[in-house]
Every structure is written in C-alpha cells, then in structure tokens.
Amino acid sequence: MNQRAFADGQPLTRARDWIANARHLFVLTGAGISAESGVPTFRDAQTGLWARYDPMQLATPEAFARDPGLVWRWYSHRRERVAQVEPNAAHFALAALQKHRRMTLVTQNVDGLHARAGSAGVIELHGNLFADRWQHGCGRCASQVVMPVAEGEPPQCKLCGARLRPAVVWFGESLPEADLRVAQKAAADADVCLVVGTSGMVYPAAALPSIAAEHGARVIIVNPERSDLDHDADIVLYRKAAECLPLLLANPFEAAAS
Ligand code: NAD
C-alpha cells in the first residue's frame with residue numbers, strides 16, 4: 001500500500017477530493033456492496049435448506065453437469081431472495097454521482113441492484129441472475145420447444161436436449177470478451193479507481209484495479225476487511241459500503257455551496 005496517502009490529511013477527505021476532481025472515475029464493485037441490502041456474499045454462510053452447500057461448489061459448470069436440478073433450484077432460491085431486497089445507500093450514491101461525473105461502473109455482482117438504483121450502462125462482468133440462456137443449444141432452442149421436465153428441473157429443448165441455465169458466469173468460465181475489453185480499457189484510462197466490497201480473489205475482474213494503478217490512477221478501496229487488493233491501493237477505508245459511500249461521494253464543493 002502507498003503509505004504516502006496517509007501522511008497528510010484524513011484519508012476519507014483526501015479520497016473524496018480525488019473523486020470530486022476525477023477526470024474519469026473507474027468503479028469496481030463486488031458482493032460486499034450488496035451485503036447491507038441483505039444479499040449474502042459467497043463468503044457468508046448460507047442459511048436454511050442451503051446451509052450445507054458451498055456456493056463456490058454450486059456456481060460451477062461441473063455442478064450443473066452433475067446435478068442440473070440442484071443448481072437450478074439454488075438459483076431459483078437466490079432469485080426469490082434478491083427480488084425481495086432493495087438497493088442500499090451505496091448503490092444510490094453511485095447512481096447519483098454518475099449524473100455529474102464521467103464514470104465507468106463495472107460490477108461482479110449479478111443482482112441487478114446498480115441498475116435498480118438508477119445507474120445506467122453498468123458493465124455486469126458476471127452476468128445477471130434474472131436472465132437465462134441455453135447451454136450448448138442447437139440454435140433453434142426456444143420457449144416453444146421445451147419438453148416437459150419434473151418440477152424444479154431446468155427446462156430442456158425438445159429438439160436437442162439442451163438445458164436452460166442462468167445467464168451468469170460460473171467459476172471456471174470465461175467472461176464476455178467484449179465487456180472485459182471495455183472494462184480493461186476504461187481502467188487504463190481512469191485517473192481515479194474506486195473498489196467497493198470485493199475480496200479481489202476472482203480473476204480477471206480482480207486485475208482491473210492493478211491495470212488502473214499501472215496507468216497512474218489513484219486507487220481507493222472501501223471494505224471493512226482486508227482484501228487481496230490492498231497492496232494496490234493508495235487509500236483503504238475499512239468501512240461498510242452503505243455507510244461510507246454517501247460520505248465519500250458527496251461533492252465537497254456542492255456541499256459547501258448548499
Ligand atoms: P466475495 O464474496 O469474494 O467478497 C465480498 C467482499 O465484500 C469481502 O472482501 C468482504 O470483506 C466485503 N464486504 C462484506 N460486507 C461489506 C460491506 N458491508 N461493505 C463493503 N464490503 C463488504 O465477493 P466478490 O469479490 O464479489 O467475488 C465473488 C463472486 O461472487 C463474484 O463472482 C460475484 O459475481 C459473486 N457473488 C455475487 C453476489 C451478488 O450479485 N450480490 C453475491 C454473492 C456472490
């Protein structure tokens with residue numbers, strides 16, 4: 001970590017000034033930004049029926065191949081859960097900032113909460129929980145050609161047997177190339193990079209802050225815990241996202257004028 005950043009001024013005030021004066025702000029968010037909305041991170045224990053399963057084992061192509069029904073039902077459970085939660089103050093603060101600042105918002109989250117808070121053009125690197133796609137389809141798979149399946153099993157194409165699956169990127173799968181390229185280019189162009197609620201353990205998304213740092217951006221991290229990305233940061237704010245972002249993203253000049 002760049003200790004110079006702590007030498008003068010309060011870290012929060014300094015970080016706020018950097019963001020307020022940024023030419024291009026690059027933001028990377030992870031599961032932690034949605035934790036205060038009630039969406040558990042993968043590192044939190046699961047509850048109820050799903051408590052005995054490890055999410056890292058369920059969110060894989062191997063798990064779907066082994067037991068498609070189990071994975072499909074787990075995603076149905078997650079969809080129901082996420083449909084009941086609301087964006088929190090951190091999502092709203094980012095959406096408000098976008099109105100008067102050049103900003104690229106990249107998320108690893110699949111919960112759609114940034115868009116629900118009003119953010120436009122969000123790059124969802126790991127897909128969206130509420131969309132489906134055909135796995136290895138024949139090109140003619142469609143909802144009209146679905147064969148009957150047992151309750152709780154994923155729909156199957158009558159023509160080729162392909163199964164419908166959640167349109168998310170599972171562990172071990174590649175990210176959508178075009179989205180990743182846009183995100184990498186934006187990280188390289190940014191002069192300030194804000195990283196919120198990610199453990200920095202899932203690549204290639206976790207490499208984006210170091211791309212920004214290598215190209216001269218100042219890196220600010222918001223996370224109550226230490227993360228693998230701390231060594232790239234100029235300032236680490238060990239705080240929760242929903243409490244920290246409204247303070248961090250308030251424009252000091254506007255605040256002074258009002
Ligand atoms: P992660 O579970 O690896 O790490 C979450 C991070 O958030 C941790 O470092 C934790 O300290 C931090 N955190 C916890 N509470 C926080 C808070 N209130 N404010 C700020 N930070 C907080 O998540 P990840 O790094 O995003 O990567 C794991 C993968 O899990 C990603 O691929 C992601 O798609 C997927 N995932 C997404 C969701 C979602 O869409 N909400 C939820 C769970 C997992």
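These numbers were taken from a predicted model, which means no experiment stands behind them.

What about the packing of helix α2 (residues 11-20) against helix α10 (residues 241-248)?
Phase 1 of the analysis: As a packed pair, α2 and α10 sit with axes 9 Å apart at the nearest point and diverge in direction by 60°. With respect to α10, the element α2 is oriented oblique. Seen from α2, the contacting residues are Leu12, Ala15, Arg16 and Ile19; seen from α10, they are Cys244, Leu247 and Leu248.
Phase 2 of the analysis: Here the residues of the contact of α2 with α10 sort into 6 nonpolar, no polar and 1 charged.

Let's talk about the packing of aromatic side chains
The way to describe two aromatic rings as a pair is by their centre distance and the angle between their planes.
Phase 1 of the analysis: For the structure on display, the rule yields 6 aromatic pairs.
Phase 2 of the analysis: Relative to Tyr75, the ring of Trp74 lies with its centre 5.0 Å away and its plane at 75°, an arrangement referred to as edge-to-face. For the pair formed by Trp74 and Tyr75, the shared burial category is buried.
Phase 3 of the analysis: Ring centres of Tyr75 and Trp170 lie 6.3 Å apart, and the angle between their planes is 45°; this geometry places the pair in the tilted category. Linking Tyr75 in helix α5 (residues 68-83) with Trp170 in the loop between β7 (164-168) and α8 (177-189), this pair joins segments that are 95 residues apart in sequence.
Phase 4 of the analysis: Residue Tyr75 is classed as buried on the basis of its relative accessible area, which comes to 2%.
Phase 5 of the analysis: For Trp170, a relative accessible area of 2% corresponds to the buried category.
Phase 6 of the analysis: A network of ring pairs unites the aromatic residues Phe42, Phe64, Trp74, Tyr75, Trp170 and Phe171 as a single cluster.

Some thoughts on the state of the cysteines
Phase 1 of the analysis: Scanning the model with the defined rule gives 0 disulfides in all.
Phase 2 of the analysis: No disulfide involves Cys138; its sulfur sits 3.6 Å from that of Cys160, the nearest cysteine.
Phase 3 of the analysis: On the accessibility criterion, Cys138 (34% relative accessible area) is partly exposed.
Phase 4 of the analysis: With relative accessibility at 36%, the residue Cys160 sits in the partly exposed group.

Thoughts on the domain arrangement of the protein
Phase 1 of the analysis: Entries for the protein in the domain assignment read domain 1 (7-39 + 87-126 + 174-258) and domain 2 (40-84 + 128-168).
Phase 2 of the analysis: With 14 residues of domain 1 in contact, the opposing surface of domain 2 contributes 11 residues.
Phase 3 of the analysis: Summed over both sides, the interface of domain 1 with domain 2 buries roughly 940 Å², with 55% coming from carbon and sulfur.
Phase 4 of the analysis: Here domain 1 and domain 2 share 2 residue pairs in polar contact (both at pLDDT 80 or more) between them.
Phase 5 of the analysis: In terms of residue class, the side of domain 1 that touches domain 2 is made up of 6 nonpolar, 5 polar and 3 charged.

What to know about the site of the ligand
Phase 1 of the analysis: The environment of the ligand is made up of 26 residues, and the closest members are Arg43, Gln108, His126, Thr198 and Ser199.
Phase 2 of the analysis: Asp111 places a side-chain nitrogen or oxygen 2.7 Å from a nitrogen atom of the ligand.
Phase 3 of the analysis: Contact with the protein chains covers 92% of the free accessible surface of the ligand, which is 850 Å².
Phase 4 of the analysis: When the residues that make up the shell around the ligand are grouped by side-chain class, the tally is 9 nonpolar, 11 polar and 6 charged.
Phase 5 of the analysis: Each of domain 1 (7-39 + 87-126 + 174-258) and domain 2 (40-84 + 128-168) gives at least three residues to the shell around the ligand.

Calculation criteria
- Residues numbered from 1 in each chain as written.
- Predicted model: local features only at pLDDT ≥ 70, side-chain atom pairs only at ≥ 80, totals over all residues.
- Heavy atoms only, no water.
- Axes fitted to C-alpha atoms, helices over the stretch in contact; angles between N-to-C directions.
- Helix = DSSP H or I, 4+ residues; strand = E, 2+ residues; numbered from the N terminus.
- Parallel < 35°, antiparallel > 145°, perpendicular 65-115°, else oblique.
- Contact = heavy atoms within 4.5 Å.
- Nonpolar A, V, L, I, M, F, W, Y, C, P; charged D, E, K, R; others polar.
- Phe/Tyr/Trp six-rings, centres within 6.5 Å; stacked < 30°, edge-to-face > 60°.
- Buried < 20%, exposed > 50% of the residue type's maximum accessible area, 1.4 Å probe, protein only.
- Disulfide = S-S within 2.5 Å.
- Domains from an automatic or database assignment.
- Buried area = accessible area lost by both parts, 1.4 Å probe.
- Polar contact = N/O pair within 3.5 Å; in protein donor to acceptor, adjacent residues only side chain to side chain.
- Near = heavy atom within 4 Å.
- Areas by Shrake-Rupley, 256 points an atom, 1.4 Å probe, with all protein chains shown as cover.

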